[in-house]
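Topology and contacts: notes
This is what each chain is made of:
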Amino acid sequence: MPKVFWQFTLIFSSLAFGNAIVSFFRLPLSGSIVGMLLLFLSLLTGIIQIEWVEKAANVHLQHMTLLFIPPVIGALVYFHHIHMKIWKLGVVIAGSSLCIIIITGYSVELYEKLKRRLKR
Amino acid sequence: MIENMLISTGITVFAYLIGLKIFQAFNRNVWLNPLYTVTLFLFIFLPFLHLDYQSYENGSGVFSILMQTAIVSLAIPLFKQWPLIKKNFKKIGMGIFVGGAAGVGSTFSLASLFGIKKDIMASLLPKAATLPVALSASGTLGGVPALTVLFVLTSALFSFICGPKVLEWLNIKSKAARGLAMGASAQALGASKCLQWGEEEGAMSAIAMTTTAIIVSSFIPFYMIFS
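Everything quoted here is computed from the prediction, not taken from an experiment.

Another aspect to go through is unusual backbone geometry. Phi at Asn 171 of chain B takes a positive value of approximately 60°, unusual for a residue other than glycine. The residue Asn 171 of chain B is located in the loop between α10 (145-169) and α11 (175-197) in this model.

Shown next, in the form of structure tokens:
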């Protein structure tokens, strides 16, 4: 248990560093993304060994669903306050989500097929 | 205040653990995912526990910090799959760029078609990015944060439910294509789904989620110039 705690502290420090960098340079990115990139670079360069953070990270990733519960409840409550045609928003959300899935999926598969054909 | 925090956090974790047990007992049936069962349970029963939604929201702040450390934790699968990324760098970069552009572009054109107002448009545009990233982008654009939360989560939930079926209908079999599509559209939810499919799909979706966030937030300044 204490080991996981120290691992968590290390992950949290990456987040704090990321937040500091974002506010210092006024980047249009979020601190967590910069923190992730920092941790990633530290792992690549070997400053941080993967064993030092792996356990705590896996606990996070396995139980990510838990973290979504409070914001979803908050969003459900907020739903009553939108004064506009909700179906329009629904169409925009569904349409663009489908666009992302279909276009990403197709373009990657097409790329792989073309590459295979070129190899032959 | 501290009491409120303990109750909100405790009840959420407790309900989640029970929800997870039920989910596992029923062979991981998609509709029994703790995200649906536990959210619905809490949404209905919070008032009976003399806990109104506002104080629940204030009391569950721990989870928003954990959400951020969870995003930092994505560095671990990213690092483990680095050889795979390096090998497929062009494919991943192309897929995510095209997909991200399609996401922002389709949102913009559909919203303009429906004549959606500027502040709601600003809350809609960054919805393809992960929650914390979308929130900061929405703030820069002059959007409404609570709306952005709603849009990000509903589009992630929609993609999480429909994505696997759409991919099946379109007969998309490649592991990379499935992982990238799910990660780009459903973010962390998609990544959790893909981790169940397999290691490569999981890694690809984690990569897609982080790179989509970076690409979407780099599209935002262009919108600000044109509008």
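With that settled, consider empty space enclosed by the protein. In this approach a probe as big as a water molecule rolls over the atoms, and the regions it shows empty are the leftover space. Scanning all chains against the criterion turns up one cavity of 30 Å³ or more. In this structure, the largest cavity spans a volume of roughly 80 Å³. Around the largest cavity, the lining comprises 10 residues; the ones closest to its centre are Phe 68 of chain A together with Met 67, Thr 130, Ala 188 and Met 209 of chain B. Listed by contribution, the elements that provide at least two residues to the lining of the largest cavity are α4 (64-78) of chain A together with α4 (61-73), α9 (131-141) and α11 of chain B.

A separate point is the pattern of salt bridges. Scanning the entire structure with this criterion turns up three salt bridges over all chains. Arg 116 of chain A serves as the salt-bridge partner of Glu 112 of chain A, at 4.0 Å between the closest nitrogen and oxygen. Within this pair, Glu 112 of chain A and its partner Arg 116 of chain A are both found in helix α5 (residues 86-119), separated by four residues, close to a single helical turn. Looking at Glu 112 of chain A, the relative accessible area reads 15%, which means it is buried. Its salt-bridge partner being Lys 91 of chain B, residue Glu 112 of chain A comes within 2.6 Å of it at the nearest N-O pair. With Glu 112 of chain A in helix α5 and Lys 91 of chain B in helix α7 (residues 89-113), this residue pair bridges two chains. Like Glu 112 of chain A, the residue Lys 91 of chain B is buried in the burial classification. Overlapping salt bridges, with partners in common, bring together Glu 112 and Arg 116 of chain A together with Lys 91 of chain B in one network.

Moving on to the domain arrangement of chain B. By convention, interface size is frequently given as the accessible area that disappears when the constituent parts associate. Residues and elements named next belong to chain B. Partitioning chain B into structural domains gives domain 1 (2-59) and domain 2 (75-226). Each of domain 1 and domain 2 has a C-alpha centre, and the two are 27 Å apart. Every contact between the two is made by six residues of domain 1 and, on the other side, six residues of domain 2. Both faces considered, domain 1 and domain 2 share a buried interface measuring about 440 Å² in area, 68% of it formed by carbon and sulfur atoms. On the domain 1 side of the interface with domain 2, the three residues burying the most area are Trp 31, Leu 35 and Tyr 36, jointly 64% of the side's total. Taken together, domain 1 and domain 2 are joined by zero salt bridges. Linking domain 1 with domain 2 are zero residue pairs in polar contact (both at pLDDT 80 or more), by the criterion used here.

Rules used in this analysis
Residues numbered from 1 in each chain as written. Chains lettered and ligands numbered in written order. Predicted model: local features only at pLDDT ≥ 70, side-chain atom pairs only at ≥ 80, totals over all residues. Heavy atoms only, no water. Helix = DSSP H or I, 4+ residues; strand = E, 2+ residues; numbered from the N terminus. 1 Å grid on protein atoms, 1.4 Å probe; cavity = no way out; pocket = protein on both sides within 12 Å on 5 of 7 lines; lining within 4 Å. Points joined across faces, edges and corners; volume = space filled by probe spheres on them. Salt bridge = Lys/Arg side-chain N within 4 Å of Asp/Glu carboxyl O. Buried < 20%, exposed > 50% of the residue type's maximum accessible area, 1.4 Å probe, protein only. Domains from an automatic or database assignment. Contact = heavy atoms within 4.5 Å. Buried area = accessible area lost by both parts, 1.4 Å probe. Polar contact = N/O pair within 3.5 Å; in protein donor to acceptor, adjacent residues only side chain to side chain.

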